[in-house]
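Residue-level structural notes
What follows is the residue order along each chain.
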Amino acid sequence: MSKLWGGRFKKETNKLVEELTASISFDQKLAKEDIQGSLAHVQMLGESGIISTEDMEKIIAGLNKVSEKLEKDELEYNVSNEDIHMNIEAFLIEEIGPVGGKLHTGRSRNDQVATDMHLYLKNHTQNIIEMIESVQAAIVSQSEDHIYTLIPGYTHLQRAQPVSFAHHLMAYFWMLQRDKERYIDSLERLNWLPLGAGALAGTTFPINRERVAELLGFDNIYPNSMDAVSNRDFIVEFLSASSMLMMHISRLSEELVIWSSEEFKFVELDDSFCTGSSIMPQKKNPDVPELLRAKTGRVNGSLVGLLTVLKGLPLAYNKDMQEDKEGMFDTVETVEGTLQLLAPMIESMTVNEEVMRKAINQDYSNATDIADYLVTKGMPFREAHEIIGKIVLNAIDQGKYLLELNLEDYQSFSPLFDDDIYEVLAHEQVVGARNSQGGTAPEQVQQQIKLAKEKLDKCQALVE
Ligand code: ARG
């Protein structure tokens, strides 16, 4: 079959070259957007008198037929038509004859592909924003049940200070909030229309780019045709926001894996989110958070891959840029698939309050509070720190926790100790006392959840 661009060539394309240069195996994912873009373009061509109304109508009818076949999965792509743009054009010509060849008037595949990808990412970014919202809602709902559930808080994965489990979970809400804001912000830059840039320099036809922007729902048009066809920042931005999101999800997943281990047992993931072992009948493996943790790798890979493709490319379009797609598609699928699982997994997990309570009763994470106690009685913090270090060492030697030492023990380290030390050391008190803004005291956590819900409502309104 002869190529749509075959006029200048004397020889057939080498088969291997055809395979190397073709992108149809993957860019067929842009079929819907490609037809959508063509419909707007041809309508503008007709309205501007660049083609006749009659031809415009024929082409629109033809594109609609191609679209119906796409819906029914009846399109058979041909690798010798290289990419989605030339495949769709070939289908159109098949439907309505040579008049279909008028569709490509005043445009190039270069501004066409950029437009398709803007449309595609705009759609999926909106989708992802809503999916992040669902995960955030699941976090808020678990958190509301666990404001008073205490868990050891860690630094260096060593017990540090007890915290409310809701406080720990809500930290992820705020990470996701920033992720979501990054995607929302990127919509602003996805809202620029490349179509009308032509191959690189614009076109000789009196096109109306504003009209196409209006038809496709773009707020702006790229003011520089060379930038319009060579820009892939919007994909880099998407991959970068996605890498950050996946990095956060990976951290949460790691915690879920640790927390569901026999050693911790802080949470139990629902059976429907775990798998078994083919040899060890007792196993219930947290495969889902493990895989979500691992999938961060491919998203990071796509980001670095595209940055590397783009670095050093001269203006304007270069075939290198065709390599922007697989990483983008893979990332969209990875991120959407991940978020889809994460929300119900968080919602359905069981929190073992008793195990958590036992854990905090068996550590020295209330030590800072004894230091603060001495400070309120007038001792400089550094001096208090030194004394408490010695008290902890003494307790460890006696095989006791801080609440189990008797008053004489305390007083042998400082005469400032009194009976009230035991109230200060109780874990509810330890957590409740951290009532500074953004702290783990129930009052602060409630405040935080209230703010989080306001953020969710506000975003809902924005998406709607
Ligand atoms: N399939 C190409 C891509 O994805 C479309 C643009 C091709 N333009 C060209 N001049 N070869 O980049």
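Scroll up to find the structure.
The notes below deal with the structure included here. These figures come from a predicted structure and were not determined experimentally.

Rules behind the numbers
Residues numbered from 1 in each chain as written. Predicted model: local features only at pLDDT ≥ 70, side-chain atom pairs only at ≥ 80, totals over all residues. Heavy atoms only, no water. Helix = DSSP H or I, 4+ residues; strand = E, 2+ residues; numbered from the N terminus. Rg over C-alpha atoms; globule rule 2.2 N^0.38 Å. Buried < 20%, exposed > 50% of the residue type's maximum accessible area, 1.4 Å probe, protein only. Areas by Shrake-Rupley, 256 points an atom, 1.4 Å probe, with all protein chains shown as cover. Lys, Arg positive; Asp, Glu negative; His and termini not counted. Charge placed at Lys NZ, Arg CZ, Asp CG, Glu CD. Patch = residues over 30% accessible without salt bridge, like charges linked within 9 Å, V, L, I, M, F, W, Y side chains within 5 Å. Salt bridge = Lys/Arg side-chain N within 4 Å of Asp/Glu carboxyl O. Phe/Tyr/Trp six-rings, centres within 6.5 Å; stacked < 30°, edge-to-face > 60°. Axes fitted to C-alpha atoms, helices over the stretch in contact; angles between N-to-C directions. Parallel < 35°, antiparallel > 145°, perpendicular 65-115°, else oblique. Left-handed = near helix turned anticlockwise from the far one by under 90°. Contact = heavy atoms within 4.5 Å. Nonpolar A, V, L, I, M, F, W, Y, C, P; charged D, E, K, R; others polar. Polar contact = N/O pair within 3.5 Å; in protein donor to acceptor, adjacent residues only side chain to side chain. Near = heavy atom within 4 Å. Core = buried A, V, L, I, M, F, W, Y, C linked by side-chain atoms within 4.5 Å. Arc of directions from axis to C-beta. Pairing = 2+ DSSP bridges.

What follows is about the overall build of the protein. What the protein contains, in helices and strands, is 19 helices and 6 strands. Its C-alpha atoms give the protein a radius of gyration of 31 Å, clearly above 23 Å, the size a compact globule of 464 residues would have. C-alpha extents for the protein along the principal axes are approximately 100 × 50 × 40 Å. Counting only residues that meet the buried cut, the protein has 48% of its 464 residues in that class. Element-wise, carbon and sulfur atoms account for 52% of the exposed surface of the protein, whose accessible area totals about 22,600 Å². Placing the 44 positive and 73 negative side-chain charges of the protein at their respective mean positions leaves the two points 6 Å apart.

This part is about a nonpolar patch on the surface. Together, Leu-200, Met-226 and Leu-315 make up an exposed nonpolar region whose accessible area comes to about 270 Å². Tracing the sequence through the fold places Met-226 in helix H9 (residues 225-230).

This model, assessed by the stated rule, comprises 13 aromatic pairs. Judged by centre distance (4.9 Å) and plane angle (75°), the rings of Phe-173 and Trp-174 are edge-to-face. Phe-173 gets classed as buried once you look at its relative accessible area, which sits at 0%. Their ring planes at 80° and their centres at 5.3 Å tell us that Phe-264 and Phe-266 sit as a pair that is edge-to-face. Looking at Phe-266, the relative accessible area reads 2%, which means it is buried.

What follows deals with the pattern of salt bridges. Within the structure shown, the criterion is met by 28 salt bridges. Residue Lys-3 pairs with Glu-18 through a salt bridge whose shortest N-O separation is 2.6 Å. Of this pair, Lys-3 sits in the segment before helix H1 (15-21) while Glu-18 is found in helix H1, placing the two residues 15 residues apart along the sequence. Relative accessible area serves as the criterion here: at 16%, Lys-3 is assigned to the buried category.

This paragraph deals with the packing of helix H3 (residues 31-47) against helix H6 (residues 109-145). In the contact formed by H3 and H6, the axes pass within 9 Å of each other and the chain directions differ by 120°. Relative to H6, H3 is oriented oblique. Seen from above, H3 lies across H6 with right-handed handedness. Taken together, the residues of H6 that come into contact with H3 (itself represented by Lys-32, Glu-33, Asp-34, Gln-36, Gly-37 and Ser-38) are Gln-112, Asp-116, Leu-119, Tyr-120 and Asn-123. When its residues are assigned to classes, the contact of H3 with H6 shows 2 nonpolar, 5 polar and 4 charged.

Right, let's get into the side chain of Thr-149. Looking at the secondary structure, you find Thr-149 in the loop between H6 and strand E1 (150-155). Looking at Thr-149, its side chain comes within polar contact range of the side chain of His-146, at 2.8 Å. Contact partners of Thr-149, with chain neighbours within four places excluded, come to Val-163, Ser-164, Phe-165, Val-351, Glu-353 and Met-356.

This next bit is on the site of the ligand. The environment of the ligand is formed by Ser-23, Asp-83, His-85, Arg-109, Asn-110, Val-113, Tyr-317, Gln-322 and Lys-325. Interatomic distance of 2.9 Å between a side-chain N/O atom of Asp-83 and a nitrogen atom of the ligand. At 2.4 Å from an oxygen atom of the ligand is found a side-chain nitrogen or oxygen belonging to Tyr-317. A total of 340 Å² of accessible area belongs to the ligand in isolation, and the protein chains cover 86% of it. The greatest single-element share of the shell around the ligand, amounting to 3 residues, is contributed by H6. The residue makeup of the shell around the ligand, split by class, is 2 nonpolar, 4 polar and 3 charged.

Our next topic: the nonpolar core. Residues Leu-121, Ile-139, Phe-165, Tyr-183 and Leu-339 are the most contacted members of the largest nonpolar core, which totals 100 residues. At 13 residues, the largest contribution of residues to this core is made by H6. In this structure Leu-339 touches Ile-128, Met-131, Ile-132, Val-135, Leu-245 and Ile-249, once residues within four positions along its chain are discounted. Leu-374, Ile-387, Phe-417 and Leu-425 belong to the second largest nonpolar core, which has 19 residues in total.

Those residues of helix H13 (residues 353-361) not exposed but buried are Met-356, Ala-359 and Ile-360. Viewed along the axis of H13, the buried residues span an arc of 90°, placing them on a single side of the element. Facing away from the buried side of H13, by more than 90 degrees, are the exposed residues Glu-354 and Lys-358. Close packing links the buried residues of H13 with E1, strand E2 (158-164), helix H7 (165-190), strand E6 (350-351) and helix H18 (427-432).

Helix H11 (residues 287-310) packs onto helix H10 (residues 233-259) with a crossing angle of 160° between their chain directions and a minimal axis gap of 8 Å. The angle between H10 and H11 places the two elements in the roughly antiparallel class. Considering only the axes of H10 and H11, their crossing is left-handed. Across the contact of H10 with H11, the residue classes break down as 15 nonpolar, 8 polar and 4 charged.

With 6 bridges connecting them, E1 and E2 associate as antiparallel partners. Bridge pairing links Tyr-154 to Arg-159 in E2. The turn joining E1 and E2, which pair antiparallel and follow one another in sequence, is formed by 2 residues; a positive phi near 55° is taken by His-156.

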